[in-house]
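Observations on the three-dimensional arrangement
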Amino acid sequence: MAEDSRRPETLAAHAMGRIDGATGAVIPPIHPSATYERDADLGYSRGRCYSRADNPSYDAAADTLTALEGGAQTLLFASGMAAATAVFQALEPGDHVLIPEVMYWALRGWLHGFATRWGLRVEAVDTSDLDEVRRALRPGLTRLIWVESPANPLWVISDIAALAQLAHEAGARLAVDSTIATPVLTRPLELGADLVMHSATKYLNGHSDVVAGTLTTKVKDDPWARIKAVQTQIGGVLGPFEAWLLQRGLRTLFARVRWQCTSALDLAQRLSAHPNVAEVLYPGLPGFAGHETASRQMKGGFGGMLSIRVKGGREAAIATAAATQVWTRATSLGGVESLIEHRASMEGADSPVPDDLLRLSVGLEAVDDLYNDLSQALGL
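Residues numbered from 1 in each chain as written. Predicted model: local features only at pLDDT ≥ 70, side-chain atom pairs only at ≥ 80, totals over all residues. Heavy atoms only, no water.

1. Comments concerning the overall build of the chain
When you go through the chain residue by residue, the secondary structure sums to 15 helices and twelve strands. A compact globule built from 380 residues would reach a C-alpha radius of gyration of about 21 Å, and the chain, at 21 Å, matches this within 12%. A total of 380 residues make up the chain; the buried ones form 53% of that total. Across the chain, contacts joining residues at least 24 apart in sequence account for 70% of those joining residues at least 6 apart. If you sum the accessible surface of the chain, you get close to 15600 Å²; carbon and sulfur atoms cover 53% of it. The distance from the centre of the 34 positive side-chain charges to the centre of the 43 negative ones in the chain is 2 Å. (Helix = DSSP H or I, 4+ residues; strand = E, 2+ residues; numbered from the N terminus. Rg over C-alpha atoms; globule rule 2.2 N^0.38 Å. Buried < 20%, exposed > 50% of the residue type's maximum accessible area, 1.4 Å probe, protein only. Contact = heavy atoms within 4.5 Å. Areas by Shrake-Rupley, 256 points an atom, 1.4 Å probe, with all protein chains shown as cover. Lys, Arg positive; Asp, Glu negative; His and termini not counted. Charge placed at Lys NZ, Arg CZ, Asp CG, Glu CD.)

Here it is as structure tokens:
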């Protein structure tokens, strides 16, 4: 069967169907070598020069992501932050960029700090409000719109297709942080985006045992060449073993994400009726502000992340997290274990996150165990 006719689930499960030619191994080997032999004429006919850009351990994960996203090429980075910041570092000082008001806190801090001091003109807008984005765009000056959908930790939904059109009309590019949606649920490049980024630490790896990031481009163009140059020159690349762990995690991506979506929706519905929950934030709920848009651009589920606002405010929220036994109090998301976190205390004084909010990353446990544990904790 031709590779391009296979379903995404099959491509992921097979890591693109590679069999090691030397041994017949069905799992790709790890290549720790930092350098590669040159030919007698000093060329590199085997296509490898130096591990920072050419390690064959990258190939399985990178090629799988390229196929799942429907892109032209994927780069693997040492972290999600390394992947995201490479996009902005490939721009020029003075360039204007639009970013969401609600987004991953570490990248927001870097953009308002280092990137602004370096010379980027960074403007935060509500990317779910197309009129606000349209007013903020500066044709000829705006080079990039960065959007995160669903956006951590309020799960704001932005219309990727509409934003891509606005960006392109203004001469800008659209980059999408699709960490929460994953290519199981959303394929931003097919909706018009130019770049898609993942903190691969999360769902792509899925086992909380590697830190990684990825970027996939729609086309190999000059902006992509600049991003590749940033990666190789700064050196924010993934190690061979971490790349191997990432391709291992990708093999179970579809099964994990679908289970997590089903459990998250179940929990969102049940928690909405809990007497000590003031509000549930989850795109799969019909009353959620972005539900209609999410229904169009998320296929097969609404993700494994939700947040609850606890009656009684900050103290009640922290007490709830402290009383859980099945949920683990920890930062991160997308793993097989369910995590609970009080985000406002994690993000600090300038966080836009309400003090009564708990972020929930739904794992693979029995959903009844997850609900019962939260219910007893909320009852304190």
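2. Observations regarding the pattern of salt bridges
As enumerated under the stated definition, the model contains 21 salt bridges in all. Residue D131 pairs with R134 through a salt bridge whose shortest N-O separation is 2.7 Å. In this pair, D131 and R134 are both assigned in helix 6 (residues 130–136), three residues apart and thus about one turn of the helix distant. Accessibility expressed as a relative area gives 43% for R134, which makes it partly exposed. (Salt bridge = Lys/Arg side-chain N within 4 Å of Asp/Glu carboxyl O.)

3. Things to note about unusual backbone geometry
The amide bond that connects S149 to the next residue, P150, takes the cis arrangement and shows omega of -10°. With respect to the helices, strands and loops of the structure, P150 is situated in the loop between strand 4 (142–148) and helix 7 (160–169). In this structure, P153 follows N152 across a cis peptide bond, with omega equal to 5°. Relative to the assigned elements, P153 resides in the loop between strand 4 and helix 7. Despite not being glycine, T182 has its phi angle at roughly 60°, a positive value. Relative to the helices and strands, T182 resides in helix 8 (residues 182–185). The backbone of S332 sits at a positive phi, close to 105°, despite the residue not being glycine. Its location among the elements puts S332 in the loop between strand 10 (328–329) and strand 11 (339–341).

4. Quick notes on the sheet that holds strand 1 (residues 73–77)
Hydrogen bonds between backbone groups are what pair the strands of a sheet, and the pairing can be parallel or antiparallel. One open sheet accounts for seven strands, arranged 1-7-6-5-4-2-3; its pairing is mixed. Only two strands of the sheet have a single partner each, and these edge strands are strand 1 and strand 3 (121–125). For this sheet, the mean angle separating the axes of adjacent strands, direction not counted, is 20°. Bridge analysis of strand 2 (residues 96–100) against strand 3 gives five bridges, and the strand direction is parallel. Bridge assignment links I99 to a residue of strand 3, and that residue is A124. This element, helix 3 (residues 59–69), spans strand 1, strand 6 (195–198) and strand 7 (213–217) of the sheet and lies at about 130° to strand 1. (Pairing = 2+ DSSP bridges. Axes fitted to C-alpha atoms, helices over the stretch in contact; angles between N-to-C directions.)

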